[in-house]
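Here is how the chains run, residue by residue.
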Amino acid sequence: MKSVTTSLTWASALTVGGVMAGASFPAIPADRTTPTQQRIALKGPNSVAVGWNTYQQLSKPCVQYGTSSGNLGSTACSTTSITYPSSRTWANTVTLTGLSPGTTYYYKIASTNSSVEHFLSPRPAGDAGAFSFNAVIDLGVYGADGYTIKADNAKRDTIPHIDPSLNHTTIGRLANTIDDYEFVVHPGDLGYADDWLLKAKNIFDGEDAYAAIVEQFYGQLAPISGRKPYMVGPGNHEANCQEVPYTQFLCGAGQKNFTDYANRFADLMPTTFPSRSGDAAGRASANAAQLLAQPPFWYSFDYGLLHLVMIDTETDFASAPDQPGGSAGLNSGPFGSSAGQQLAFLAADLASVDRAVTPWVIVAGHRPWYTTGEDDPAGCEPCRAAFEPLLYKYGVDLAVFGHVHNSQRFAPVYRDVADPKGLQDPAAPMYIVAGGAGNIEGLSDLGDYRPPFTQFAYADDFSYARVSVLDANRLRVQFYRSTTGEVLDESELYKSHSKRFVVQ
């Protein structure tokens with residue numbers, strides 16, 4: 001969230017312990033085809049995309065897979081192995097197709113030095129089974145280039161295997177509870193590579209420091225993102241090599257305009273899933289949304305009783321904060337081929353949702369417009385102007401945001417007026433902020449201003465949210481403290497979902 005405007009003591013940056021400081025790169029494996037930074041994503045109703053990085057370009061990235069760890073009888077390959085200036089690695093992506101729904105698959109990335117991993121294929125749209133996903137936002141690298149917290153060896157767990165130093169982080173909690181959720185939604189601020197300035201050792205090695213943090217973070221995340229579909233959206237910390245306004249011209253090639261984010265995730269995220277509605281108008285809207293989608297910036301997917309839409313709160317709408325002329329001064333985007341493409345996508349996508357198939361509709365993005373803070377309004381006003389009317393018009397049930405480094409929950413609300421029905425079949429969306437996962441900038445104070453419809457606000461420790469679709473009418477939201485696993489807040493939203501297509 002925060003801009004890096006803190007003055008630095010340049011003299012202390014010259015040496016660390018009498019030795020010139022610099023970037024903290026991970027070691028390059030002897031076999032440069034060794035997969036690192038693994039990640040998977042929901043690509044379609046019967047497909048999962050597998051991504052990973054290598055320290056050399058691959059002519060033919062391949063993945064073996066099957067429903068038994070001892071019989072990986074299917075192989076999928078691609079030619080996608082891409083990089084950018086200043087990166088030491090190549091991003092590889094392969095899509096596994098023809099998967100049976102809701103089935104455990106085992107996979108092995110083709111290499112002399114890889115292991116067998118597994119994932120659950122997507123639940124089909126309309127599947128009535130209960131499930132949960134985690135909302136983890138504003139999560140940064142841990143360690144020498146990020147944040148640190150005191151370790152407690154007695155509480156270490158290695159399933160899935162993670163570096164023991166991570167056990168008291170949100171990543172550690174995600175590992176310890178790996179069977180309690182089916183995917184992760186992370187709309188923005190991944191790693192905080194642009195905060196290399198905050199570590200004195202990096203001052204004279206900025207380009208390498210940025211690259212090193214990227215490698216470190218996605219390596220730390222891999223035990224989670226390689227097992228659970230990791231659905232991402234853009235945040236301000238993905239934009240440039242540093243967040244000092246109007247200085248993107250100082251960034252090296254490849255470290256501006258969301259380059260790493262796009263290289264890493266563009267081929268991994270879906271556009272939209274084909275409509276399963278029997279309504280011709282709904283299918284037409286879904287087809288229009290598919291043509292307007294621009295992954296990894298805006299897209300949607302279906303999962304069981306849920307339709308989830310990822311939006312871009314950084315660029316591609318009027319006065320967007322990160323685009324040229326925007327308030328953040330990051331001069332990034334636009335990414336649509338025409339003005340208004342993102343909002344046209346959102347309108348078409350939401351209009352296409354048949355509540356008889358996927359009754360629950362959730363929108364996720366980075367910058368909130370409802371939040372606590374020092375001032376009123378404390379949130380993103382251009383975002384509110386662009387998105388809030390559409391979320392209300394089409395009856396979005398829950399909106400998930402981050403950017404502010406704490407956890408918050410608000411009553412269903414529209415235009416600053418709380419819905420009189422509260423959590424019992426409101427017309428307005430319920431809003432949460434789940435930005436307290438942990439990063440080098442620390443937690444955000446709750447501030448003196450709290451909207452009158454605030455129902456929960458927490459900034460004492462790192463935390464994240466879990467959203468559970470219980471059935472077609474009940475949705476539960478819980479906030480967890482990362483270090484202990486305790487439930488900080490729990491609420492249940494009831495919606496009748498009596499209309500197949502909502503317009504209000």
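Source: prediction; values computed, not measured.

Help me understand the pairing of strand E7 (residues 104-109), please; the structure alone is not making it clear to me.
Here is the key point about a regular strand: its side chains alternate between the two faces of the sheet. Bridging between strand E3 (residues 62-66) and E7 involves four bridges; their strand directions are antiparallel. Opposite glycine 66, over in E7, you have tyrosine 106 as the bridge partner. Relative to strand E8 (residues 116-120), E7 is paired through five bridges, and the arrangement is antiparallel. Residue pairing for E8: threonine 104 is matched across the bridge by leucine 120. Following E7, the chain reverses through six residues before pairing antiparallel with E8.

Help me understand the pairing of strand E11 (residues 183-187), please; the structure alone is not making it clear to me.
Burial runs high along E11: five of the five residues are buried. What you see with E11 is no split at all: Phe183, Val185 and Pro187 on one side and Val184 and His186 on the other are buried throughout. Here E11 runs beside strand E13 (residues 230-233); their pairing, made up of four bridges, is parallel. What sits directly across from valine 185, in E13, is methionine 231.

Which parts of the structure should I look at to understand a negative patch on the surface?
A contiguous patch of negative charge, built from Glu374, Asp375, Asp376, Asp445 and Asp448, is present on the exposed surface. For aspartate 448, the location among the structural elements is in the loop between strand E21 (430-434) and strand E22 (454-458). Note on aspartate 448: relative accessible area 72%, which makes it exposed.

What am I meant to see in the environment of valine 357 here?
Its location among the elements puts valine 357 in the loop between helix H6 (341-351) and strand E16 (360-364). Separated by 79 residues in the primary sequence, valine 357 and glycine 278 place their C-alpha atoms 9.5 Å from one another. Once residues within four sequence positions are removed from consideration, valine 357 is found in contact with Ala125, Gly126, Arg276, Ser277, Gly304 and Leu305.

Help me out: how do you make sense of the pattern of salt bridges in this one?
Pairing between side chains of opposite charge can happen when their charged atoms approach one another. If you walk through the whole model with that rule in mind, you get 18 salt bridges. The shortest N-O distance in the salt bridge between glutamate 381 and arginine 384 comes to 3.3 Å. Taken together, the residues span about one helical turn, with glutamate 381 and arginine 384 both in helix H7 (residues 381-393) at a distance of three residues. Its relative accessible area of 13% is what places arginine 384 among the buried residues. One network of salt bridges, with partners in common, ties together Glu381, Arg384, Glu388 and Asp416.

Sorry, what's going on with the sheet that holds strand E14 (residues 299-303) here?
In a beta sheet, neighbouring strands are held together by backbone hydrogen bonds and run either parallel or antiparallel to one another. Here we have seven strands laid out as an open sheet, ordered E14-E15-E16-E17-E21-E18-E22, and mixed in their pairing. Every other strand in the sheet has two partners, leaving E14 and E22 as the edge strands with one partner each. With direction set aside, neighbouring strand axes in the sheet form an average angle of 15 degrees. Where E16 lies against strand E17 (residues 398-401), three bridges are found, and the strand directions are parallel. When the sheet's bridge partners are listed, valine 363 is paired in E17 with alanine 399. In this fold H6 packs onto E14, strand E15 (306-310) and E16, with an angle of close to 180 degrees to the strand it touches most, E15.

Explain unusual backbone geometry here, please?
Negative phi is the rule for most residues except glycine; trans is the rule for most peptide bonds. Of note, the amide linkage connecting proline 295 to proline 296 takes the cis form, showing an omega dihedral of 10 degrees. Take proline 296: it is sitting in the loop between helix H5 (280-292) and E14. The linkage connecting glycine 333 with the following residue, proline 334, adopts the cis geometry, with an omega of -5 degrees. Counting through the fold element by element, proline 334 comes out in the loop between E15 and H6. Even without glycine at this site, aspartate 138 takes up a positive phi of about 60 degrees.

Whenever I open this one, the packing of H5 against H6 confuses me. Can you help?
In a pair of packed helices, the angle between the axes and the distance between the axes together describe the arrangement. Closest axis-to-axis distance for the H5/H6 pair is 8 Å, and the angle between their directions is 150 degrees. Viewed along their axes, H5 and H6 adopt a mutual orientation that is roughly antiparallel. For H5 against H6, the interelement crossing comes out left-handed. Each of Ser285, Ala288, Ala289 and Leu292 in H5 lies in contact with H6, whose residues at this interface are Gln341, Ala344, Phe345, Ala348, Asp349 and Ala351. Residue composition of the contact of H5 with H6, by class: seven nonpolar, two polar and one charged.

Quick notes on the rules
- Residues numbered from 1 in each chain as written.
- Predicted model: local features only at pLDDT ≥ 70, side-chain atom pairs only at ≥ 80, totals over all residues.
- Heavy atoms only, no water.
- Pairing = 2+ DSSP bridges.
- Helix = DSSP H or I, 4+ residues; strand = E, 2+ residues; numbered from the N terminus.
- Buried < 20%, exposed > 50% of the residue type's maximum accessible area, 1.4 Å probe, protein only.
- Patch = residues over 30% accessible without salt bridge, like charges linked within 9 Å, V, L, I, M, F, W, Y side chains within 5 Å.
- Areas by Shrake-Rupley, 256 points an atom, 1.4 Å probe, with all protein chains shown as cover.
- Salt bridge = Lys/Arg side-chain N within 4 Å of Asp/Glu carboxyl O.
- Lys, Arg positive; Asp, Glu negative; His and termini not counted.
- Charge placed at Lys NZ, Arg CZ, Asp CG, Glu CD.
- Contact = heavy atoms within 4.5 Å.
- Axes fitted to C-alpha atoms, helices over the stretch in contact; angles between N-to-C directions.
- Parallel < 35°, antiparallel > 145°, perpendicular 65-115°, else oblique.
- Left-handed = near helix turned anticlockwise from the far one by under 90°.
- Nonpolar A, V, L, I, M, F, W, Y, C, P; charged D, E, K, R; others polar.

Note that all results are geometric; they support no functional claim without further evidence.
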